[in-house]
Amino acid sequence: MKDHRLIDERSLAFGQAIAVRLEKNPWLITRARETIERWLASADPRVLPALVEWQTQLSGPMDGVIGLLTGRDERATRLRQSNPFAGVLQAHERNEILRRFARHESASA
């Protein structure tokens, strides 16, 4: 079983990479809003509160969104589990993060 701390750190690494992309391409907020709208239409009721939190944050200042993507607090960690920026990173960026954490997993096994 994977260590939840490692999963959270991997999620943070994805969030940090997405934040860099978002700062250069603020229009990605619109894409994330559209993703949330799609997800809300068919989401399990248990996931709805997190999606609504994202929806609210995506309507606010960019700093708040960056804070969720890069924060280490409980709320940011929890909300990154339903990150609406899926598909923003290019395959090679995503794969590099996955490789880096696969090395951590094998080292801790």
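Everything that follows concerns the structure shown earlier in this document.
Below or above, wherever it landed, is the structure these notes cover. (Residues numbered from 1 in each chain as written. Predicted model: local features only at pLDDT ≥ 70, side-chain atom pairs only at ≥ 80, totals over all residues. Heavy atoms only, no water.)

## Observations concerning the packing of helix H3 (residues 48-58) against helix H4 (residues 62-70)
Stated precisely, the cut-off is as follows: Under this scheme, a helix contributes an axis fitted over its contacting stretch, all axes are lines through C-alpha atoms, and angles between N-to-C directions fall in the 0 to 180 degree range. The way it works is that DSSP assigns letters per residue, a run of H or I at least four long becomes a helix, a run of E at least two long becomes a strand, and they are numbered from the N terminus. When describing relative orientation, an angle under 35 degrees is termed roughly parallel and one over 145 degrees roughly antiparallel, while 65 to 115 degrees is termed roughly perpendicular and anything else oblique. The contact definition used throughout considers only heavy atoms, calling two residues in contact when any of these lie within 4.5 Å. Only Asp, Glu, Lys and Arg are considered charged, only Ala, Val, Leu, Ile, Met, Phe, Trp, Tyr, Cys and Pro nonpolar, and every remaining residue, Gly among them, polar.
Remark: H3 packs on H4, axes separated minimally by 8 Å, with the N-to-C direction vectors making an angle of 140°. As judged from the angle between their axes, H3 and H4 are oblique. The segment H3 lies against H4, with Trp54, Gln57 and Leu58 engaging Gly64, Val65, Leu68 and Leu69. Of the residues that constitute the contact of H3 with H4, the class distribution is five nonpolar, two polar and no charged.

## Regarding the packing of helix H1 (residues 4-24) against H4
Between H1 and H4, the least distance of the axes is 7 Å, while the angle of their chain directions is 155°. Considering their axes alone, H1 and H4 lie roughly antiparallel with respect to each other. Residues Leu12, Gly15, Gln16, Ile18, Ala19, Leu22 and Glu23 of H1 touch H4, and the partners they reach there are Met62, Val65, Ile66, Leu69 and Thr70. Split by residue class, the contact of H1 with H4 holds eight nonpolar, three polar and one charged.

## Things to note about the packing of aromatic side chains
Short version of the rule: Centres within 6.5 Å make a pair out of two Phe, Tyr or Trp rings, where for Trp the six-membered ring is used; the pair is then stacked when the planes are under 30 degrees apart, edge-to-face when over 60, and tilted otherwise. Using a 1.4 Å probe on the protein chains alone, a residue whose accessible area is under 20% of its type maximum counts as buried, one over 50% counts as exposed, and one in between counts as partly exposed.
The final tally for this structure, using the stated rule, is one aromatic pair. Residues tryptophan 54 and phenylalanine 85 carry aromatic rings whose centres are separated by 6.2 Å and whose planes lie at 75° to one another, so their mutual orientation is edge-to-face. Highlighted residues: tryptophan 54 in helix H3 and phenylalanine 85 in the loop between helix H5 (74-79) and helix H6 (91-108), separated in sequence by 31 residues. Taking relative accessible area as the criterion, tryptophan 54 reaches 0% and is therefore assigned buried.

## Remarks on the pattern of salt bridges
Heads up, the condition is: The salt bridge criterion pairs a side-chain nitrogen of Lys or Arg with a carboxyl oxygen of Asp or Glu, the two atoms within 4 Å.
Under the definition given, this model contains seven salt bridges. One salt bridge in this structure joins glutamate 9 and arginine 72, with 2.9 Å as the shortest N-O distance. Here the residue glutamate 9 occupies a position in helix H1, and arginine 72 occupies one in the loop between H4 and H5, the gap between them amounting to 63 residues. A residue is classified by how much of its surface remains accessible, and arginine 72, at 60% relative accessible area, is exposed. The salt bridge partner of arginine 78 is glutamate 53, with a shortest N-O separation of 2.9 Å. Of the two residues, arginine 78 is situated in helix H5 and glutamate 53 in helix H3; the sequence distance between them amounts to 25 residues. Overall, the relative accessible area of 31% leaves arginine 78 in the partly exposed class.

## With respect to H3
Formally: The arc in question is the one traced by the directions running from the helix axis out to the C-beta atoms.
Every buried residue of H3 is accounted for by Ala50, Leu51, Trp54, Gln57 and Leu58. Buried residues along H3 cover an arc of 125° about the axis, so they all sit on one side. Turning to H3, the residues buried within the fold contact helix H2 (28-42), H4 and H5.

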